[in-house]
Amino acid sequence: MRKILVYLGIILGCSISACSGNDDVETIEPWNEEYVLPQGKSDADDRIVKYYNQYGTYILYEYTDLDFRYELGSTYIHELPDPTYVNDMLDFLEDIWFNFYPADFHKKFMPLKIMLADYIATEDLWTGAIIPTFMASGAACIGFGFCSDTLQKMSPATKLKFKTDLHEQFWFKWGKMIKFPEEFFEVSDYSHAAITDPTSDDYTRKRGFVTYSGYEWSLTGHYQTGVLDQQTDFWSYLIGFVIRSSDDWEEDLKWDLVKKKYDILRNYIQDTYGFDLQKVGDTTYE
């Protein structure tokens, strides 16, 4: 099996460099971590190498504590996973993440490293309670807990929540990196706040505004100017694709301006990147 060396170092304390290893590789101070793929302790090693070849991402089930804390923050505690469950974890990530997007999109937006853990948690400073979390994100890395027999016992509702939370976090980040059509912002009037009276021309849905994670944000304009925030309007649709099902959208889409903005974003993503983002919100588990 092909072995791949990745050398990770800090440049000026903040930038990360990764390259395939050979005898001529120059390590970068002040510190260096070396990982070898395959890591040699899991039946999933072939899959991990395949992911690297497809996406350029290093999926690690063994790593140093120093690297974990540098990538994901010192506030988290963790434990390395049992390699026996890595295949289960990869199946899980395919179901809630990998399968939704094509390879070209993953190549652009996959993190450099994915660290798998038996658990990732934080400690409550007041009570000392250990609070587990599904994931932790850094600038070039994402860590996932529950790489254990927990996956085999996870309820469909919990899996759905993890999928929703993951994509909500992803698209809040990716939405800042992608240039979207200005056409979206030309549909609604942002000059003043909306109201909740469905018979009024200023009704939220008639104006083309929907809730942002359940919050009717368009009822309140800027405290000085009174205008509505265009970026919040954008997030209400983009994040809405991944946290709301088509059934959840059904009533809102009866309003002409809502449907127009919804179609602009959904069609743009499909035409530009080759996937239907609404499928994320529509996917459930049994």
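Just so it is clear, the structure is predicted and the values come from calculations on it, not from any experiment. (Residues numbered from 1 in each chain as written. Predicted model: local features only at pLDDT ≥ 70, side-chain atom pairs only at ≥ 80, totals over all residues. Heavy atoms only, no water.)

Caption draft 1: A look at the overall build of the protein chain. In terms of regular secondary structure, the protein chain is built from 10 helices and 10 strands. Burial analysis of the protein chain (286 residues in total) assigns 46% to the buried set. Across the protein chain, contacts joining residues at least 24 apart in sequence account for 69% of those joining residues at least 6 apart. In the structure as shown, the protein chain presents an accessible area of about 14600 Å², 49% of it carried by carbon and sulfur atoms. (Helix = DSSP H or I, 4+ residues; strand = E, 2+ residues; numbered from the N terminus. Buried < 20%, exposed > 50% of the residue type's maximum accessible area, 1.4 Å probe, protein only. Contact = heavy atoms within 4.5 Å. Areas by Shrake-Rupley, 256 points an atom, 1.4 Å probe, with all protein chains shown as cover.)

Caption draft 2: Here's a closer look at the sheet that holds strand E6 (residues 113–116). The strand order across the open sheet built from four strands is E4-E6-E10-E9, with neighbouring strands paired in mixed fashion. Pairing within the sheet leaves two strands with one partner each, and these edge strands are strand E4 (58–60) and strand E9 (135–137). Going from strand to strand, the sheet's axes swing by 15° on average, the running direction of each strand aside. (Pairing = 2+ DSSP bridges. Axes fitted to C-alpha atoms, helices over the stretch in contact; angles between N-to-C directions.)

Caption draft 3: Looking closely at the packing of aromatic side chains. In the structure shown here, the tally under the stated rule is 43 aromatic pairs. Pairing Tyr 63 with Phe 68 gives two aromatic rings, centres 6.0 Å apart and planes at 15°, and the pair type is stacked. Exposure class is identical for Tyr 63 and Phe 68. Each is buried. One Lys or Arg, Arg 244, reaches over the ring of Trp 249 and ends 4.1 Å from the middle of that ring. (Phe/Tyr/Trp six-rings, centres within 6.5 Å; stacked < 30°, edge-to-face > 60°. Lys NZ or Arg CZ within 6 Å of the ring centre and 35° of its normal.)

Caption draft 4: Main features of the packing of helix H1 (residues 45–55) against helix H3 (residues 86–96). Interhelical geometry of H1 versus H3 gives an angle of 40° and a closest axis separation of 9 Å. As summarised for this structure, H1 and H3 are arranged oblique, according to the angle between their axes. For the pair H1 and H3, the contacting residues are Arg 47, Ile 48 and Tyr 51 in the first and Val 86, Asn 87, Leu 90, Asp 91 and Glu 94 in the second. Split by residue class, the contact of H1 with H3 holds four nonpolar, one polar and three charged. (Parallel < 35°, antiparallel > 145°, perpendicular 65-115°, else oblique. Nonpolar A, V, L, I, M, F, W, Y, C, P; charged D, E, K, R; others polar.)

Caption draft 5: Representation of the packing of helix H7 (residues 230–243) against helix H9 (residues 256–273). It is the contact of H7 with H9, at a shortest axis distance of 10 Å, that shows an interaxial angle of 60°. Note on packing geometry: the crossing formed by H7 with H9 is right-handed. Packed against H7, whose contacting residues are Asp 233, Phe 234, Tyr 237, Leu 238 and Phe 241, the element H9 presents Leu 257, Val 258, Lys 261, Tyr 262, Leu 265, Arg 266 and Ile 269 at the interface. (Left-handed = near helix turned anticlockwise from the far one by under 90°.)

Purely geometric numbers; function is a separate question.
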